[in-house]
Structure formats: C-alpha cells, structure tokens
Amino acid sequence: IIVALGLMHALTLNHKIGSLPTIAWWICFVIAYGSALLVLIFMERIIRGDPGIIKRSTATCLPVPDIVRERISQGLSLDSLRNIQLDQDSYCVRCCVWRPPRSHHCSICQRCVRNFDHHCGFYGKCIAGTLRSGNMPFFLGIFVLTYLVVLSNVIFLIWAIVRGPS
C-alpha cells in the first residue's frame, strides 16, 4: 500500500506523466489514502484483538476426562496423551480445555483458538474466526483494500499513459 500511495502521489501531484480530471484524481486519492488508513486500523485490530482464544473456566475445563485426572493425580506428564474426542468436542491435553469443532491448539501461542486458520509470523498472532468473528475479517480486509489500491493505481497509470504528458 505504501508503494501504491507513493506511486499515486508522485504521478498525480507532480503531474509527471499526465493528469486526471479533478474528480477522478480525488477518487484515486480517497481510495488510496482511505484504504491506507483502514489498513492501519485493521492491523491494530489484528494485533490488539482477540482471535477467539478459548479461556480456562469451569465451563471449558470441566469435566476433566478420567485419563487426564488419573495422570495428574499420579504426577505424570500429559505429553504422551493425544487429545480426547467426545462427540463433536475435543479435550486439549495441552491447554486442559474442551474445545468446539474447528478449534485448534496453536503450537506457537500455546493456546487453543476457535476457528483457527494459521499463526501469522508478521503480526505475531493467531489468525482465526469467521467472516463475522475473531480477527479474520480484518485480515481479509487488508487484502481487499490492498487490491483496491493497486487496482485504482493501475487504472490511473493506464489513463496517464494513454493521455500522455501534459
């Protein structure tokens, strides 16, 4: 987005290649800078928001499966156990929580996350959720806005090249 903003800025404000009609220039300007502002807001929401971490509580931790209870009472490690499946839910032996379908244990965050997609190294956060929950809408929104900015710059470049120098 920064490259696209720089390109638009250089070509429109300095009028090096050609100039758009005033209304078209303002449309490109609003799309580019509005998108950049939204991307910054979306990045903040990804970094500071909750992707859908399953927090420990009596509702998510109980009942403890028998094999887990036995191992804990004997002072044994749970490392060799696999997750315990019961109907659609599964019990994560690393987090000690019951988790709904499509939840996954993130090996980097060491937490179970609802509707887990991946752990993003760039943001240092799990990316998870649906189109209406978690931080997935913001993650996808960044891609849509980037595409919009690039598309508006391509349209501007084609216009400027066809129109020729001012």
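Each residue is numbered by its place in its chain's sequence as written, counting from 1. Local features in a predicted model are, by the rule used here, given only for residues with pLDDT of at least 70; side-chain atom pairs are given and counted only at 80 or more, and totals for whole chains, interfaces and linings are based on all residues. As a convention, hydrogens and water are excluded, and side-chain values are obtained from all of the structure's heavy atoms.

Participant: Before we move on, could you go through the side chain of Arg-99 and cite the residues and values that matter?
Facilitator: Note on conventions: DSSP H or I runs of at least 4 residues are helices, E runs of at least 2 residues are strands, and numbering of each starts at the N terminus. Within the element layout of this structure, Arg-99 appears in strand E3 (residues 97–99). Think of it in three bands: with a 1.4 Å probe and only protein chains considered, a residue is buried below 20% of the maximum accessible area for its type, exposed above 50%, and partly exposed in between. Asp and Glu are treated as the negative residues and Lys and Arg as the positive ones, with His and the ends of the chain left uncounted. Should a side-chain nitrogen of Lys or Arg be within 4 Å of a carboxyl oxygen of Asp or Glu, the pair is scored as a salt bridge. Buried Arg-99, no salt bridge; nearest opposite-charge side chain is Asp-89, N-O distance 8.7 Å. Contacts are assigned to residue pairs that have any heavy atoms within 4.5 Å of one another. If we ignore the near neighbours within four places in the chain, the residues touching Arg-99 are Ile-54, Asn-83, Asp-89, Ser-90, Cys-92, His-104, His-105 and Cys-112.

Participant: Can you tell me about a nonpolar patch on the surface, naming the residues and giving the values?
Facilitator: Every patch collects residues that have over 30% relative accessible area and no salt bridge, joining them within 9 Å if they carry like charges and within 5 Å if they are nonpolar side chains (Val, Leu, Ile, Met, Phe, Trp, Tyr). Only the protein chains shown count as cover for residues, and all accessible areas are computed by the Shrake-Rupley method using a 1.4 Å probe. On the surface, a cluster of nonpolar side chains totalling about 360 Å² of accessible area is made up of Val-150, Val-154, Ile-158 and Val-162. Counting through the fold element by element, Val-162 comes out in helix H5 (residues 136–163). Residue Val-162 is classed as exposed on the basis of its relative accessible area of 69%.

Participant: Explain the pattern of salt bridges to me, using residue names and the numbers behind them.
Facilitator: The tally for this structure, following the rule as stated, stands at 3 salt bridges. For the salt bridge of Asp-50 with Lys-55, the shortest nitrogen-to-oxygen distance reads 3.4 Å. Judged by relative accessible area, Asp-50 falls into the partly exposed class, the value being 41%. Judged by its relative accessible area of 55%, Lys-55 is exposed. Asp-66 is the salt-bridge partner of Arg-69, the closest N and O atoms lying 3.6 Å from each other. A residue pair is termed a helical-turn pair when its members lie 3 or 4 positions apart in one helix, as Arg-69 and Asp-66 do in helix H4 (residues 66–74) at 3 residues.

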